[in-house]
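This is what each chain is made of:
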Amino acid sequence: LVGKVAIGMVKDSPLLGHGIGEFKWKYMLYQAHYFERHDNENEKMVADNVGHAYNEFLHLTVEIGIVGLLITLFILGRVYIKGIMNTDFDTQVAKASLLVWIVFSMFSYPVDVFPLLFLLPLLLGCLQQNTYMLVVPFHCFYTAFSVVLLLFAVWTFRQGIFYQETSRQLSGLSWKKNTPTLGIMDSHYLRLKSNVKFSLFYHHWLSKCASGDVATSRMKKILPTSESYCWLGDYYCRIGYYKEAEAVYQKASLMVPTRFRPRYKLWKLYREMNDSVNATKMAQQLLSQQLKVENSFTINAKWEVQMYLDDISIE
């Protein structure tokens, strides 16, 4: 299923891709569109929120296109073929390890796990064992290089402190107003919005407590998952945008068809709008919906929906 949807993404932007890091921001919308056109029960049962293609080459093609993929394969092939010329034991180990990394990357997402990502350039470097001597007559080169390294180290340290402090501030945020934390979230939003954890945390807070044009524009940029789109629908309901809420709940239900909550939210919306026709239709869908897991929420929600249908039939 993930492969089919990802290939559909490639077809929309085959040469240069959708952009680095865009897979997780677009995939779920494509999956929802896929289920609009395909009614395969087996695929619906395995569908879930997805942030990886589970194949790094396919993931790479989605983000940087066929051109970027060919450049990457050329670099890997060039280095690997050059390493074949060297038959010593260390190089053979590096070649075997690189091959294992590549095979593993076809079924998982090592690029998103930093130690595994770091292993790739390390193995590529191990295949190049030529010794070079650089003779530079001017000591200013070494001085400049040292200064650059020092500045980079300071910048890295400050970045670490910033993320640590931001994480500490956000962990103290409740649904009540917390002025210092809100100031951090607002002032550093552009800097942190691509961070998945920050995005979900911040948008969840916006859906519960915020309003206004700024909040609305930021909520529209929420990381798309079945759950986060339920938050977006809740936000629209709270500010009175019922048509937008309906569309968002419908999209959330298509993202992961076995999720109960989006259709339940949609049923509650129809009920609050006194739209008995759609509310009844949605209630019937909820009672017949296939679920991966039955839990206390779905049991109680089904009981509530059944009570509604019973009341409607009596009337």
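Read on for a plain summary of the structure.

What counts and what doesn't
- Residues numbered from 1 in each chain as written.
- Predicted model: local features only at pLDDT ≥ 70, side-chain atom pairs only at ≥ 80, totals over all residues.
- Heavy atoms only, no water.
- Helix = DSSP H or I, 4+ residues; strand = E, 2+ residues; numbered from the N terminus.
- Contact = heavy atoms within 4.5 Å.
- Axes fitted to C-alpha atoms, helices over the stretch in contact; angles between N-to-C directions.
- Parallel < 35°, antiparallel > 145°, perpendicular 65-115°, else oblique.
- Left-handed = near helix turned anticlockwise from the far one by under 90°.
- Nonpolar A, V, L, I, M, F, W, Y, C, P; charged D, E, K, R; others polar.
- Phe/Tyr/Trp six-rings, centres within 6.5 Å; stacked < 30°, edge-to-face > 60°.
- Buried < 20%, exposed > 50% of the residue type's maximum accessible area, 1.4 Å probe, protein only.
- Lys NZ or Arg CZ within 6 Å of the ring centre and 35° of its normal.
- Expected span 1.5 Å × (residues − 1).
- Arc of directions from axis to C-beta.

**With respect to the environment of L266**
Within the element layout of this structure, L266 appears in helix α14 (residues 261-272). Taking the C-alpha atoms as reference, L266 lies 13 Å from S226; in sequence the two are 40 residues apart. Each residue touching L266, except ones within four places of it in the same chain, is listed here: E246, Y249, Q250 and M282.

**Section: the packing of α14 against helix α15 (residues 276-288)**
Two elements in contact, α14 and α15, have axes separated by 8 Å at closest approach and are oriented at 155°. Judged by the angle between their axes, α14 and α15 are roughly antiparallel. As α14 packs across α15, the resulting crossing turns out to be left-handed. Along the contact surface, α14 presents R263, Y264, L266, W267, Y270 and R271, while α15 presents N278, A279, M282, A283, Q285 and L286. Considering only residue class, the contact of α14 with α15 consists of eight nonpolar, two polar and two charged.

**Some words on unusual backbone geometry**
Although it is not a glycine, Y54 sits at a positive phi angle of roughly 60°. For Y54, the location among the structural elements is in the loop between α3 (41-46) and α4 (56-84). Look at N274: it is not a glycine, yet its phi comes out positive at around 60°.

**A closer look at the packing of helix α2 (residues 23-37) against helix α13 (residues 242-255)**
Geometry of a packed helix pair, given as the angle between the helix axes and the separation of the axes. Direction vectors running N to C along α2 and α13 enclose 85°, while the axes themselves pass 8 Å from each other. On the basis of the axis angle, α2 is roughly perpendicular to α13. For the pair α2 and α13, the contacting residues are M28, L29, Q31, A32, F35 and E36 in the first and K251, L254 and M255 in the second. The residue inventory of the contact of α2 with α13, partitioned by class, reads six nonpolar, one polar and two charged.

**So, the environment of L232**
For L232, the location among the structural elements is in helix α12 (residues 226-239). Not counting the four nearest positions on each side in its chain, L232 is found in contact with M219, K220, I222 and V248.

**A word on the packing of aromatic side chains**
Summed over the entire model, instances satisfying the criterion amount to 15 aromatic pairs. An angle of 20° between the planes, with centres 5.2 Å apart, marks the rings of F23 and Y27 as stacked. Taken together, the residues F23 and Y27, both in helix α2 and four residues apart, mark about one turn of the helix. What makes Y27 buried here is its relative accessible area of 0%. With a centroid separation of 6.2 Å and 55° between ring planes, the pair formed by Y235 and Y236 is classed as tilted. Y236 matches Y235 in its accessibility class, with the two residues each being buried. One aromatic cluster in this structure is built from F260, Y264, W267, F297 and Y308. Over the ring of F162 we find R191, and its NZ or CZ is 3.7 Å from the ring centre. Looking at R218, its charged tip hangs above the ring of Y189, at a distance of 4.1 Å from the centre.

**Here we look at α15**
The end-to-end C-alpha distance of α15, which contains 13 residues, comes to 18 Å, matching closely the 18 Å that a straight helix rising 1.5 Å per residue would cover. Within α15 the residues assigned to the buried category are A279, M282, A283 and L286. All buried residues of α15 project into a common sector of 105° when viewed along the axis, lining one side. Exposed residues lying more than 90 degrees from the buried face of α15 are V277 and S288. On its buried face, α15 sits against α14 and α16 (296-314).

Shape descriptors only; they carry no functional weight alone.
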